[in-house]
Amino acid sequence: MVDLLHSVSMAALALADRRRRRAAAVDAVIAGLFGGMEFAVASRRKRGAPAAAPRRRG
């Protein structure tokens, strides 16, 4: 959720400030991708099931 809010705020900054338009647009796209992946992973996980723990090596 935070990534999507960050994406929206960067898109607004890109529209409002000409000097920071390119950097803010790139930041908005990247944050949007992270936010989309967050929702994709959350929707694939069963409700109530805990997240998988990382595997330990060695």
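Residues numbered from 1 in each chain as written. Predicted model: local features only at pLDDT ≥ 70, side-chain atom pairs only at ≥ 80, totals over all residues. Heavy atoms only, no water.

Draft legend 1. Spatial organisation of the overall build of the protein. Looking only at helices and strands, the protein has two helices and zero strands in total. Every one of the 58 residues in the protein was classed for burial, and the buried ones make up 14%. A total accessible area of about 5,400 Å² is found for the protein, and carbon and sulfur atoms account for 62% of it. (Helix = DSSP H or I, 4+ residues; strand = E, 2+ residues; numbered from the N terminus. Buried < 20%, exposed > 50% of the residue type's maximum accessible area, 1.4 Å probe, protein only. Areas by Shrake-Rupley, 256 points an atom, 1.4 Å probe, with all protein chains shown as cover.)

Draft legend 2. Representation of helix H2 (residues 21-44) within the structure. With 24 residues, H2 extends 35 Å between its outermost C-alpha atoms, agreeing within 8% with the 34 Å of an ideal straight helix rising 1.5 Å per residue. For H2, the complete set of buried residues consists of Ala24, Ala28, Ala31 and Gly35. Where H2 is buried, its residues contact helix H1 (2-16). (Expected span 1.5 Å × (residues − 1). Contact = heavy atoms within 4.5 Å.)

Draft legend 3. Geometry of a nonpolar patch on the surface. A cluster of nonpolar side chains, namely Met1, Leu5 and Phe39, defines an oily patch on the protein surface of about 330 Å² accessible area. When you line up the elements, Met1 lands in the segment before H1. (Patch = residues over 30% accessible without salt bridge, like charges linked within 9 Å, V, L, I, M, F, W, Y side chains within 5 Å. Salt bridge = Lys/Arg side-chain N within 4 Å of Asp/Glu carboxyl O.)

Draft legend 4. Representation of the packing of H1 against H2. It is the contact of H1 with H2, at a shortest axis distance of 7 Å, that shows an interaxial angle of 160 degrees. Considering their axes alone, H1 and H2 lie roughly antiparallel with respect to each other. As H1 runs across H2, the sense of the crossing is left-handed. Note on element contacts: H2 touches H1 through Arg21, Ala24, Ala25, Asp27, Ala28, Ala31, Gly32, Phe34, Gly35, Gly36, Glu38 and Phe39, opposite Asp3, Leu4, His6, Ser7, Met10, Ala11, Leu13, Ala14 and Leu15. For the contact of H1 with H2, the residue count by class is 12 nonpolar, five polar and four charged. (Axes fitted to C-alpha atoms, helices over the stretch in contact; angles between N-to-C directions. Parallel < 35°, antiparallel > 145°, perpendicular 65-115°, else oblique. Left-handed = near helix turned anticlockwise from the far one by under 90°. Nonpolar A, V, L, I, M, F, W, Y, C, P; charged D, E, K, R; others polar.)

Draft legend 5. Structural context of the pattern of salt bridges. On inspection of all chains with the given rule, the structure shows two salt bridges. Arg19 is the salt-bridge partner of Asp17, the closest N and O atoms lying 3.8 Å from each other. Asp17 sits in the buried class, given a relative accessible area of 14%. Between Arg20 and Asp17 there is a salt bridge, with the nearest N and O atoms lying 3.4 Å from each other. In this structure Arg20 comes out as partly exposed when scored by relative accessible area, which is 46%.

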